[in-house]
Amino acid sequence: MNSILLIPQPSSVIVKKSSISITDIPRISASAEFAGEAALAREQLKATGLAPESDRSISVSCVGKTGLPDEGYELSIRENSIELRASAKAGMHHALQSLRQLLLSAKETGSVDIPCAEISDAPRFSWRGCMLDTSRHFYSPAFIKKLIDLASLHHLNVFHWHLTDDQGWRLPVDAWPGLTEIGAWKIDGRTTWENYKVGGFYTKEDIRGIVAYAAERHVDVVPEVDIPGHSSAILAAYPELGCTGGPYRVEDRFGIFEDVLCAGNDRIFDLFADIFDTVKELFPSPYVHIGGDEVKFNRWDSCPKCKKRMEELKLDRANELQSWITVRLANMLKERGKTAIGWDEVLEGTEKRNLTDSPMYNRLMDVRQQYAFLSDESLPTIKSYFTNLREA
Ligand SMILES: [Zn+2]
């Protein structure tokens, strides 16, 4: 190898003429501050294809240096040693992941030649996320951990976990056992003669394990519970929360469905309170994603309870009920120390409710701009949307 190949490209790489040949797993030493990051890297380097650590091992030292951005680092590759410098644990983690990327190319040959170089790197974007939809297709905790590990290897720092949708509810909520007993399973008759149940849900232990695994890799897990639309799975378990009373089913196909949670039924807020308490219990992230996308208003238009609510609130159109719900959800999360985020259309109508001066609205706008920023043309990979991934 005569060049430094890292994804994404570091801010600065100065390649020297000499190089270093690595055949054995390097010996990593670190101060107490970086002990956790070093221990993780030692474990990860076992999968690089290099021989076990030996007397010939190159030494890698993890050294503190003030003045670097929290996620920034410096990496010096010299003829006989490698030095990593960072100001914070996150920066050292990224330094070690870059080293891991360089060493993974030994996978096929058992050795790797790296040019001596001075690398300096720091992220351009503070929110570098990937999202996995575990509703349309259920993924095992092991698969999710593998995805988070790969995201972290490539310096991403947010895992947006889409936990609920029309096709399956995956989050256990103690007071609403039907969500996982009924809402986590769909009947699929498309590929076999006999209908069969597909789906699954995560236990609290699964979720805690995934959050801890991500934290070890400096990845924040942002949960998404998509409400008040995309809620067929909720309605299948609790039909009384819909405008018509059902019957409903956990959907077996993609789409936007007419039935959503009844905006005139106060019980939906009891449900949201219990969901948010569970989310607070399990996810340390300051953000909770409330979805809010693709809500159909046909049922609200003709539902007596929803009409009554509109009269009370002096609303002209059914779609204004959603902005009323959005504000209430954001405030419920605020009471729990969390900031609500949503798909961009969640803000539709909130302007009309004269909310632009409220702190909640401004926070939503802040995050909207952040998301809008991430979807800018300059970051085409953000728009990648893989469907029908299979576990491998
Ligand atoms: Zn209704």
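Located above this text is the structure these notes cover.
Procedures and definitions
Residues numbered from 1 in each chain as written. Predicted model: local features only at pLDDT ≥ 70, side-chain atom pairs only at ≥ 80, totals over all residues. Helix = DSSP H or I, 4+ residues; strand = E, 2+ residues; numbered from the N terminus. Buried ≥ 20, exposed ≤ 12 C-beta atoms within 10 Å, placed from the backbone. Contact = placed C-beta atoms within 7 Å. Core = buried A, V, L, I, M, F, W, Y, C linked by C-beta atoms within 7 Å. Pairing = 2+ DSSP bridges. Axes fitted to C-alpha atoms, helices over the stretch in contact; angles between N-to-C directions.

**Examining the overall build of the protein chain**
The number of helices and strands found in the protein chain is 11 helices and 15 strands. A buried classification covers 39% of the 392 residues belonging to the protein chain. Sequence-distant contacts, at least 24 apart, represent 72% of the contacts inside the protein chain between residues at least 6 apart.

**Remarks on the nonpolar core**
Among the nonpolar cores identified, the biggest contains 64 residues, and Phe159, Val221, Ile234, Leu241, Cys262, Cys306 and Leu321 are the most heavily contacted of them. Setting aside anything within four residues of it in sequence, one finds Cys306 in contact with Cys243, Cys262, Ala263, Gly264, Trp300, Ala318 and Leu321. Residues Leu84, Ala86, Ala106 and Ile114 belong to the second largest nonpolar core, which totals 31 residues.

**Observations regarding the sheet that holds strand E14 (residues 287–291)**
In a beta sheet, neighbouring strands pair by backbone hydrogen bonds and run either parallel or antiparallel. Strand order across the open sheet formed by 5 strands is E7-E8-E13-E14-E15, with parallel pairing between neighbours. Two strands bound the open sheet, and with one partner strand each, they are strand E7 (129–133) and strand E15 (339–341). For this sheet the average axis-to-axis angle between neighbouring strands, irrespective of direction, equals 25°.

**Quick look at the sheet that holds strand E4 (residues 73–77)**
Here 6 strands make up an open sheet; going across it, the order is E1-E6-E4-E5-E3-E2 and the pairing mixed. Each edge of the open sheet carries a strand with a single partner, namely strand E1 (12–22) and strand E2 (27–30). Across the sheet, the mean angle separating the axes of adjacent strands is 20° when strand polarity is ignored. Two strands pair when backbone bridges link them, and E1 and strand E6 (residues 112–121) are joined in this way by 8 bridges, in the antiparallel orientation. Of the residues in E6, the one forming a bridge with Ile20 is Ile114. Its contacts with the sheet place helix H1 (residues 35–45) against E2 and strand E3 (59–64), and it is angled at close to 170° to E2. Its contacts with the sheet place helix H2 (residues 89–104) against E1, E3, E4, strand E5 (81–86) and E6, and it is angled at close to 150° to E5.

**Some thoughts on unusual backbone geometry**
For the bond running from Ile227 to Pro228, omega is 5°, close enough to zero to count as cis. Following the sequence through the fold, Pro228 ends up in the loop between strand E13 (220–227) and helix H6 (232–237). The omega torsion across Gly246 and Pro247 is 5°, close enough to zero to call that bond cis. Tracing the backbone shows Pro247 in the loop between H6 and helix H7 (267–282). Positive phi is not limited to glycine here, since His218 has a value of about 55°. Among the structural elements, His218 can be located in the loop between helix H5 (204–216) and E13. For His218, a count of 22 C-beta atoms within 10 Å translates into the label buried. Its identity is not glycine, yet His230 carries a phi of approximately 45°, on the positive side. Considering the arrangement of structural elements, one finds His230 in the loop between E13 and H6.

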